[in-house]
Amino acid sequence: MTEPTTEFPPPKILTLSPTHKPILITQGAEGRLYKTPSPIQPNQFCALKYRPPKPYRHPILDARLTKARISSEAKVLDRCYREGVPVPAVLAKDAAAGWMMIEWIEGEPVRVGINTWLGERPEDDAVVDHSQQDETPLIDLMKRIGVAVGALHRTGVVHGDLTTSNMMLRPWADDTLPNGHGDKAEKAKAVAGDVVVIDFGLAMQSQSDEDRAVDLYVLERAFASTHPRAERLFHHILDSYRVAFKKAPGVLHKLEDVRMRGRKRSMLG
Ligand SMILES: Nc1ncnc2c1ncn2[C@@H]1O[C@H](COP(=O)(O)OP(=O)(O)OP(=O)(O)O)[C@@H](O)[C@H]1O
């Protein structure tokens, strides 16, 4: 991802309102994400995901690819949303024009919440005396992640890029937030909230244990590199996945094979 800029023209849909300027949130290699007032619910925002034309691609191929990608992402999101998986709702789309409008999810990415929790901990996790710390709020978040991934897989969808950046922590209502002030309460608040899975650009429909295991493996590797100090807690994600998803035992068995292949590959360089 490069630094967001506003130099590029947004899609036509975002230029129609004379009063509201869309905000460019991120700009990746393939697409851009804007925050804009919702045309459906006044006083609310939505996210507009836009895949602009790629000048380096043949125009016919580019139009076909863009349309297929937006349609596929919207279809997967719709399916998940209908089945109660925590994902943003699709509000509108024009696949041929390269955009879809989805529900805006308030809150921070899970990555930020976990890193706030970890705070100034020493890099080397082994020197920390965990018995002195109440890690329940962080462990509870790990369990909510496992439940969300279990729900996703139960629906017959694999995400393709599960990371703690592709999950948002939607804040709970104030009265359900952890009580109190001070460092401990602030840390607990950082990891409070519902886990909402985003970015289904690489997702596909699959019922295969192998595909599901690869999904978990991608998350495991991403987690270890993003939060090395919390790596020893990763098993809580898998434990709650096992409880949330009936077919988890087969997937977790496959995960052993996938890990083994990963280790062999890294040994061979
Ligand atoms: N529905 C949403 N509500 C709030 N913020 C969002 C939402 N969707 C995405 N974001 C924010 O925008 C960032 C980029 O979104 P997303 O990952 O979907 O786009 P991308 O990485 O450009 O997509 P792709 O990987 O498909 O090219 C996210 O990391 C998140 O911070």
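Computed from a predicted model, the values in this text were never measured in an experiment. Counting from 1, residues in each chain are numbered in the order their sequence is written. Local features in a predicted model are, by the rule used here, given only for residues with pLDDT of at least 70; side-chain atom pairs are given and counted only at 80 or more, and totals for whole chains, interfaces and linings are based on all residues. Values shown for side chains rest on all heavy atoms present in the structure; no hydrogens or waters enter the calculation.

Draft legend 1. Up close: the overall build of the protein. Check the secondary structure of the protein and you find 7 helices and 10 strands. Under the scheme applied here, a residue whose accessible area is under 20% of the maximum for its type counts as buried, over 50% as exposed, and between as partly exposed, the area being computed with a 1.4 Å probe on protein chains only. Burial statistics for the protein: of 269 residues in total, 44% are counted as buried. Should any heavy atoms of two residues lie within 4.5 Å, those residues are counted as being in contact. Partitioning the intrachain contacts of the protein with sequence separation of at least 6 by distance along the chain shows that 66% fall at a separation of at least 24. Note on areas: Shrake-Rupley, 1.4 Å probe, and residue coverage restricted to the protein chains presented here. Accessible surface, the protein: about 14700 Å² in total, of which carbon and sulfur atoms supply 55%. Labels follow the DSSP assignment, with helices taken as runs of H or I lasting at least four residues and strands as runs of E lasting at least two, numbered in each case from the N terminus.

Draft legend 2. Focus on the sheet that holds strand S3 (residues 45–50). The antiparallel open sheet is built from 5 strands, whose spatial order is S1-S2-S3-S5-S4. Both outer strands of the open sheet, strand S1 (23–27) and strand S4 (90–94), are each paired with one neighbouring strand and no more. Across the sheet, the mean angle separating the axes of adjacent strands is 20 degrees when strand polarity is ignored. As judged from the 4 bridges shared by S1 and strand S2 (residues 32–37), these two strands associate in the antiparallel manner. Within the sheet, the bridge partner assigned to Leu 24 lies in S2 and is Tyr 34. Simply put, an axis is a line fit to the C-alpha atoms, just over the touching stretch for a helix, and the angle between two N-to-C directions goes from 0 to 180 degrees. Against the sheet, helix H1 (residues 59–82) contacts S3, S4 and strand S5 (99–103), and its axis sits at roughly 20 degrees relative to S5. Only strands that DSSP links by at least two bridges are regarded as paired with each other.

Draft legend 3. Main features of the nonpolar core. By nonpolar core is meant a set of buried Ala, Val, Leu, Ile, Met, Phe, Trp, Tyr and Cys residues that side-chain atoms within 4.5 Å join together. Residues Ile 145 and Phe 200 are the most contacted members of the largest nonpolar core, which totals 52 residues. Element by element, the count of residues in this core is highest for helix H3 (residues 136–154), at 9 residues. Domain start and stop points were drawn from an automatic or database domain assignment. Mapped onto the domain boundaries, this core takes at least three residues apiece from domain 1 (12–103) and domain 2 (108–268). Leu 24, Cys 46, Trp 99 and Met 101 belong to the second-largest nonpolar core, a separate cluster that totals 8 residues.

Draft legend 4. Just the packing of aromatic side chains, in detail. Working definition: a ring pair exists when centres of Phe, Tyr or Trp rings (six-membered ring for Trp) sit within 6.5 Å. Plane angles under 30 degrees give stacked, over 60 give edge-to-face, the rest tilted. Taken as a whole and assessed by the stated rule, the structure comprises 2 aromatic pairs. Ring geometry for Phe 223 versus Phe 234: centroids 5.5 Å apart, planes at 55 degrees, classification tilted. Of this pair, Phe 223 sits in helix H5 (residues 209–226) while Phe 234 sits in the loop between H5 and helix H6 (235–244); the two residues are 11 residues apart in sequence, bridging distant segments of the chain. Among the residues examined, Phe 234 registers a relative accessible area of 6% and is labelled buried. Relative to Phe 245, the ring of Tyr 241 lies with its centre 5.7 Å away and its plane at 65 degrees, an arrangement referred to as edge-to-face. For a ring to carry a charge above it, either NZ of a lysine or CZ of an arginine must fall within 6 Å of the ring centroid while also lying within 35 degrees of the normal to the ring plane. The cationic tip of Lys 187 hangs over the ring face of Trp 117; the distance from NZ or CZ to the ring centre is 4.4 Å.

Draft legend 5. H1, seen in detail. In this analysis, the expected span of each helix is defined as 1.5 Å times one less than the number of residues it contains. Between its first and last C-alpha, H1 extends 34 Å over 24 residues, near the 34 Å set by a 1.5 Å rise per residue. Taken together, the buried positions of H1 are Asp 62, Thr 66, Ile 70, Glu 73, Ala 74, Val 76, Leu 77 and Cys 80. The inward-facing, buried residues of H1 abut S3, S4, S5, H3, strand S7 (157–158) and strand S10 (204–205). Just beyond H1, the residue with positive phi is Gly 84, at close to 85 degrees.

Draft legend 6. Quick look at the pattern of salt bridges. Here, a salt bridge means any Lys or Arg side-chain nitrogen found within 4 Å of an Asp or Glu carboxyl oxygen. The full count for this structure, using the stated rule, is 14 salt bridges. Between Arg 170 and Glu 103 there is a salt bridge, and its shortest N-O distance comes to 3.2 Å. Linking Arg 170 in strand S8 (residues 167–170) with Glu 103 in strand S5, this pair joins segments that are 67 residues apart in sequence. Taking relative accessible area as the criterion, Arg 170 reaches 26% and is therefore assigned partly exposed. What emerges from the salt-bridge pattern is a single network uniting Glu 30, Lys 49, Arg 51, Arg 57, Asp 62, Arg 69, Glu 73 and Asp 199.

Draft legend 7. Quick peek at unusual backbone geometry. One non-glycine residue, Asp 199, adopts positive backbone phi at about 60 degrees. Here Asp 199 lies in the loop between strand S9 (194–197) and S10. Given the relative accessible area of 29%, Asp 199 is considered partly exposed.

Draft legend 8. Structural context of the environment of Ser 240. Tracing the chain through its elements places Ser 240 in helix H6. Counting along the chain gives 96 residues from Ser 240 to Arg 144, while the straight-line C-alpha distance between them is 7.6 Å. If we skip the residues at most four places from it in the chain, Ser 240 touches Met 142, Lys 143, Gly 146 and Val 147. Pairs of N or O atoms within 3.5 Å make up the polar contacts considered here, provided that, within protein, one atom can donate a hydrogen while the other can accept it, and that residues adjacent in sequence are counted only when both atoms are side-chain atoms. In terms of polar contacts, Ser 240 uses its side chain to reach the backbone carbonyl oxygen of Ile 237, at 3.3 Å.

Draft legend 9. Layout of helix H4 (residues 182–190). Taken together, the buried positions of H4 are Ala 185, Ala 188 and Ala 190. Where the residues of H4 are buried, they touch helix H2 (110–118), H3 and S8.

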